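# Observations on the model geometry
Given next are the chains, with one letter for each unit.
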Amino acid sequence: RLLLRNSLGEIKNKLMREKLASCETIVIKAGTAVVSTSDGSPSLVRLSSIVEQASELILSKKRVVLVTSGAVGCGRSRLRKQEALNRSFRDLRASAHIYESARTKPYDSACAAAGQLTLMSLYSTLFSAREIDSSQFLVTQQDFEDEMRKKNLKYALTEILDVGMVPIINENDAVSGNLGYELPDEASFSDNDGLAALVAHLIGAQVLVLLSDVDGLYDRPPDEPEAKILDWVTPNDRKHFLFGQKSTSGRGGMQAKVAAAFRALELANTIQCVALANGARQGVVLDLLQGKPIGTIFTSDQMKSTHIQQNTELDLLAQLKRTRIAARNLEALNSTQRTNILKSIATSLEQNQNNILKANEEDIQQNTEIDITLKQRLKLSSAKITTLAQGALALAQAVDPIHQVVEKRELASGLILERRSCALGVIFIIFEARPEALIQIATLAIKAGCGLILKGGKEAHFSNTILHQTLIQAITPILGSKDAQDLFVLLHNRQAVATLLAHPDANEYIDLVVPRGSNQLVKYIQQATKIPVLGHADGICHIFLDIDADIMHKVQPIIIDAKTDYPAACNACETILIHKDHSIQNIIHFILQPLKDAGVQLFPGPYFLKQYNQSNLELLTWFSAITAVSTFKFEYGTLACTIELTDNLQTAIQHINTYSSHHTDAIITENYEHAQTFLKQIDSACIFHNASTRFADGFRFGLGAEIGVSTARIHARGPVGVQGFLTYKWCLSSDQFHTQAQFSSGEKQYTHKDLPLV
């Protein structure tokens, strides 16, 4: 168990670091020990390095905010210099107390006032060399306590960032006195580390980088023997920290940095993580954002996946816009590029198999109380992962479904109309705690050029997280890091789902919602949103044993497969209808006994009970209950089944159309006319003749995989494969030019001639 947790910790640390590359808004806090030398004067080498890295990020379209210390040290040097210039040598010797005062009271307001201009001048000069403009923000506690001032501050920061400038923020120590605040509340800070946390919260940053004079957070004071740097920590680790003496420069110290890191995670729901590293290390910020194993990563208890904690409407809508853009960029790729992505996913699944199984085992260990049906769905295996990889390869080899001409017509001479397939757009899929569903859905989306918002069952948290990251790693080399992160967004909390569904403008960015689950879930989603919903209803499936069924050879293998192959599946048989003229001996020998031997609990319908309650009591001993089922609209999802009689083919059809969930229903018969009548009159998405209901599956249909089974009658029905991710558009081309006026005047005439697609 301990080894498993340690291994998972390594996985989480690696995945978290790799996600830093996708962060768009970054707050960098440079401490006094980083920007200053030992005598308090500016360190031009380290300042230049920080500016160089920040500039590179800005030029790559990142939004960077710099929170800096060092003004007091700069001011102290200036005050000493000015004192020397303005006094005689004798006066200077007599007033040595100025120097001593600056040493004993290092945070003097006058020092801060004198040093701020020097510090900003240096930053301005260094950024100008990279053709980047900077701006200065001097703040106090009141700027975060007063709502109007905070609103103005946020507005100004946002405007500055939007035009590609870099805001440089420091506490206005000249007026605040640089005294710090005891027990800071949500709107206050006691040092620039705390200020950086508030700034990250205010602007919605994804990462906060705290630069210090040490390489990271140690497991004990760094001067003690065998002290080791912690790769990553969570709030649960705080009680184990032991801090040594703080640095002589600056005010915060390591304890303040740790407090600020966890405060940022608590306040800012957009924060992916906080990084603590040595600001003297060349290229430290860029290395951190490239996922290199340096410094210490602070993260919440549950590892955050891409954007999963964005709960505010503004954050969610901003993410949806990015997902729309990423989906369009995916669709714009050529067929070979999308094929290569699918092949890369197959390879990544095989290569990461051990880590995936470890994460899945963690889900199993944390959900020991769930029932056996859910546990079967939750459990991954090497065979399942191999099947997922094979499914991705099968899709890679399939014909490209988008940009295909599906209809072509000449409207007039030289005026050609085409109907072409295209990606549906962005689809929001809520799926059960079945981790492989995430990969199946995502690979279909890639084939069809669509973006996804995904919400899986909470029981599969770790499995979904690592599978999601595996997808991103496979997509990034072809689509790019930013689009790869935005293409598939994994949500982990219900509040985000509710916010998305209820938002009045969500249908502008989400084209379809697919809830995979019960009728109750589907109905809830339909009532909660304006977005079109593709309903995947209960799997109440029937098999009708016609009077002409081959009961000796075909009935037993079909019903056993339909009921026992995977009882929890939505295409498992729940009710067997038997023509009343079948003999009691055949019913027992070929139906009841095989099912009972397979461990299936049997429950009689009212007609069956009425027919045999008096005439053949022995027959009822095969059943788990001697009372009739209270309803036929029931999905067992386990090794249980309803047995009912029916008078003839028409009553069977009537029964199924009344009680079926219109998912999948089957007839076993050797009578061709009866089979054709059944196939025509049953109102279900899938109707089978002499075949198990278990065939109602996207993979078995040759669709590669499925996003669900729809019982709707528009857009898609039955197992929904890649076609469910598609729509179409009309493309009209003229070899010269055409106007409607030409036809109104009689100059040109319509021909409306269908043309071959090739």
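Residues numbered from 1 in each chain as written. Predicted model: local features only at pLDDT ≥ 70, side-chain atom pairs only at ≥ 80, totals over all residues. Heavy atoms only, no water.

## Focus on the overall build of the chain
Helix and strand counts for the chain come out as 29 helices and 24 strands. Relative to its full complement of 758 residues, the chain shows a buried share of 53%. Summing over all exposed atoms, the chain offers an accessible surface of approximately 33400 Å²; the carbon and sulfur share of this is 52%. (Helix = DSSP H or I, 4+ residues; strand = E, 2+ residues; numbered from the N terminus. Buried < 20%, exposed > 50% of the residue type's maximum accessible area, 1.4 Å probe, protein only. Areas by Shrake-Rupley, 256 points an atom, 1.4 Å probe, with all protein chains shown as cover.)

## Concerning the pairing of strand E15 (residues 541-545)
When you tally the buried positions in E15, you get five out of five residues, the bulk of the element. Side chains of E15 alternate between two faces, with Cys541, Ile543 and Leu545 and His542 and Phe544 buried alike. Pairing analysis gives five bridges linking E15 to strand E16 (residues 573-579), with the strands arranged parallel. Paired with Cys541 across the strands is Cys573, a residue of E16. The handedness of the E15 to E16 crossover, carried by helix H24 (residues 555-564), is right-handed. Across four bridges, the pairing between E15 and strand E19 (residues 664-668) is parallel. Each residue of the ladder has a partner; that of Leu545, found in E19, is Ile668. (Pairing = 2+ DSSP bridges. Right-handed = clockwise from strand over helix to strand, strands pointing away.)

## As for the pairing of strand E7 (residues 273-278)
Of all six residues that make up E7, six are buried, and the element is covered over most of its length. As paired strands, strand E5 (residues 207-212) and E7 are joined by six bridges and run parallel to one another. The residue bridging Leu208 from the neighbouring strand is Val274, located in E7. Both E7 and strand E8 (residues 296-298) contribute to a ladder of three bridges, which runs antiparallel. Residue pairing in the sheet places Val274 in a bridge with Phe298 of E8.

## Examining the pattern of salt bridges
All told, the structure shown has 31 salt bridges when counted by the stated rule. Two residues, Asp486 and Arg322, come together in a salt bridge whose shortest N-O distance is 3.6 Å. Taken together, the residues Asp486 in helix H21 (residues 481-487) and Arg322 in helix H14 (residues 313-332) connect sequence positions 164 residues apart. Given the relative accessible area of 2%, Asp486 is considered buried. (Salt bridge = Lys/Arg side-chain N within 4 Å of Asp/Glu carboxyl O.)

## Comments concerning the packing of aromatic side chains
For the structure on display, the rule yields 10 aromatic pairs. Members of the aromatic cluster, connected to one another through ring pairs, are Phe603, Phe634 and Tyr636. Positioned over the ring face of Tyr728 is Arg419, at 4.7 Å from the centre of the ring. (Phe/Tyr/Trp six-rings, centres within 6.5 Å; stacked < 30°, edge-to-face > 60°. Lys NZ or Arg CZ within 6 Å of the ring centre and 35° of its normal.)

## Structural notes on the side chain of Glu410
Within the secondary structure, Glu410 sits in strand E9 (residues 405-412). Within the structure, the side chain of Glu410 is placed 2.7 Å from the side chain of Thr751, a separation counted as a polar contact. Apart from the residues within four sequence positions on either side, Glu410 is in contact with Leu415, Ile416, Thr751, His752, Lys753 and Leu755. (Polar contact = N/O pair within 3.5 Å; in protein donor to acceptor, adjacent residues only side chain to side chain. Contact = heavy atoms within 4.5 Å.)

## Describing the side chain of His503
Mapped onto the secondary structure, His503 falls in the loop between helix H22 (494-502) and strand E14 (512-515). The exposure class of His503 is buried, given its relative accessible area of 10%. Separated by 3.0 Å, the side chain of His503 and the backbone nitrogen of Asp505 make a polar contact.

## Describing the sheet that holds strand E23 (residues 726-734)
Taking strand neighbours across the sheet as the criterion, the four strands line up as E23-E10-E9-E24 in an open arrangement whose pairing is antiparallel. With one partner strand each, in any of the chains shown, E23 and strand E24 (753-754) form the two edges of the open sheet. As defined by bridge partners, strand E10 (residues 415-423) adjoins E23 across nine bridges and the pair is classed as antiparallel. Within E23, the position partnered with Ser421 by the bridge is Tyr728.

## Details of the environment of Ala696
With respect to the element layout, Ala696 can be found in the loop between strand E20 (686-689) and strand E21 (708-710). Given the relative accessible area of 1%, Ala696 is considered buried. In the structure, Ala696 is positioned 23 residues away from Pro719 in sequence and 6.5 Å away in space, judged by C-alpha atoms. Not counting chain neighbours up to four residues away, the residues in contact with Ala696 comprise Asn571, His663, Thr664, Cys686, Phe688, Phe701, Glu706, Val709 and Pro719.

## Brief notes about the sheet that holds strand E6 (residues 232-233)
An order of E3-E4-E2-E1-E5-E7-E8-E6 is seen for the eight strands of this open sheet, with the pairing classed as mixed. In the strand order of this sheet, the two ends are held by strand E3 (134-139) and E6, each with one partner. Bridge analysis of E3 against strand E4 (residues 166-171) gives six bridges, and the strand direction is parallel. Bridged to Gln136 within E4 is Ile168. The strands touched by helix H9 (residues 147-162) are strand E2 (63-68), E3 and E4; relative to E3, the strand with the most contacts, the crossing angle is about 165°. Lying over the sheet, helix H11 (residues 192-203) contacts strand E1 (25-30), E2, E3, E4 and E5, oriented at roughly 170° with respect to E1. (Axes fitted to C-alpha atoms, helices over the stretch in contact; angles between N-to-C directions.)

## A look at the confidence of the model for the chain
This prediction gives the chain a mean pLDDT of 84; 86% of its residues lie at or above 70. This model gives residues 94-107 a pLDDT under 50, and the stretch forms 12 contacts once residues within four places in sequence are excluded. (pLDDT = per-residue confidence, 0-100.)

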